[in-house]
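Each chain is listed here by its residues.
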Amino acid sequence: MYEERLTVPRSWWLLPVALGLSLALVLLRFSGVGALIGLAVGVAAGAAALSSYGSARIRVVQGSLVAGPARIPLSALGAAEVLNPKEAVAWRSVKADPRAFMLLRSYVPTALKVEVTDPADPTPYLYLSTRSPQKLADALAGAAAGARGAERSR
């Protein structure tokens, strides 16, 4: 129903190159071959770390919201609130609750705040960085309505 991958901005891909060049400069003192190895290792390690950080996904599938490592049934979720950039900054800083689940990416300016209604779960809400908060909110509402309709027809 909904899927989004929170990839890092293109400009961030200069960071692995900078890491490789820095490592090459450090190892250049010892040998030219070491500098080349340092360049290759630095770029590869930096790219792997950046790719891992930027591989967070948000999906609405099979009656669940999957956000990064978390999988939450839609029945445990309440109202979703679309946050504009200013509200998103407030909810990830001064208004933040330490018990909240946050899939936070600083390079994504907008977010969705979803209430957790399960009384057994101490998490008050989910904060999800997303480039399309309204589409995600609509997908959650549609999936929850579909799940309720399926339950009634049984």
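Rules used throughout
Residues numbered from 1 in each chain as written. Predicted model: local features only at pLDDT ≥ 70, side-chain atom pairs only at ≥ 80, totals over all residues. Heavy atoms only, no water. Pairing = 2+ DSSP bridges. Helix = DSSP H or I, 4+ residues; strand = E, 2+ residues; numbered from the N terminus. Axes fitted to C-alpha atoms, helices over the stretch in contact; angles between N-to-C directions. Phe/Tyr/Trp six-rings, centres within 6.5 Å; stacked < 30°, edge-to-face > 60°. Buried < 20%, exposed > 50% of the residue type's maximum accessible area, 1.4 Å probe, protein only.

A.B. asks: Lay out the sheet that holds strand 4 (residues 70–73) in plain terms, naming residues and giving numbers.
C.D. replies: Hydrogen bonds along the backbone pair up the strands of a sheet, which may run parallel or antiparallel. What the four strands build is an open sheet, ordered 1-2-3-4; its pairing is antiparallel. Among the strands making up the open sheet, the edge pair consists of strand 1 (2–5) and strand 4. Averaged over all pairs of adjacent strands, the angle between strand axes in this sheet comes to 10°, irrespective of strand direction. As paired strands, strand 2 (residues 57–61) and strand 3 (residues 64–67) are joined by four bridges and run antiparallel to one another. Bridged to arginine 59 within strand 3 is valine 66.

A.B. asks: So, the packing of aromatic side chains: which residues are in play, and what are the values?
C.D. replies: Applying the stated rule across the entire model yields four aromatic pairs. Ring geometry for tryptophan 12 versus tyrosine 53: centroids 6.5 Å apart, planes at 10°, classification stacked. Residue tryptophan 12 is located in the loop between strand 1 and helix 1 (14–28), and its partner tyrosine 53 is located in helix 2 (residues 32–53); the two are separated by 41 residues in the primary sequence. Tryptophan 12 gets classed as partly exposed once you look at its relative accessible area, which sits at 26%. The partly exposed category is assigned to tyrosine 53, whose relative accessible area is 32%. Among the aromatic side chains, those forming a connected cluster through ring pairs are Trp12, Tyr53 and Tyr107.

A.B. asks: Outline the sheet that holds strand 5 (residues 77–83), supporting the account with residue identities and numerical values.
C.D. replies: The sheet built from four strands is open, its strands ordered 5-7-8-6 with mixed pairing. Each edge of the sheet is formed by a strand with only one pairing partner; in this case those strands are strand 5 and strand 6 (101–103). The mean angle between the axes of side-by-side strands here comes to 15°, regardless of whether they run parallel or antiparallel.

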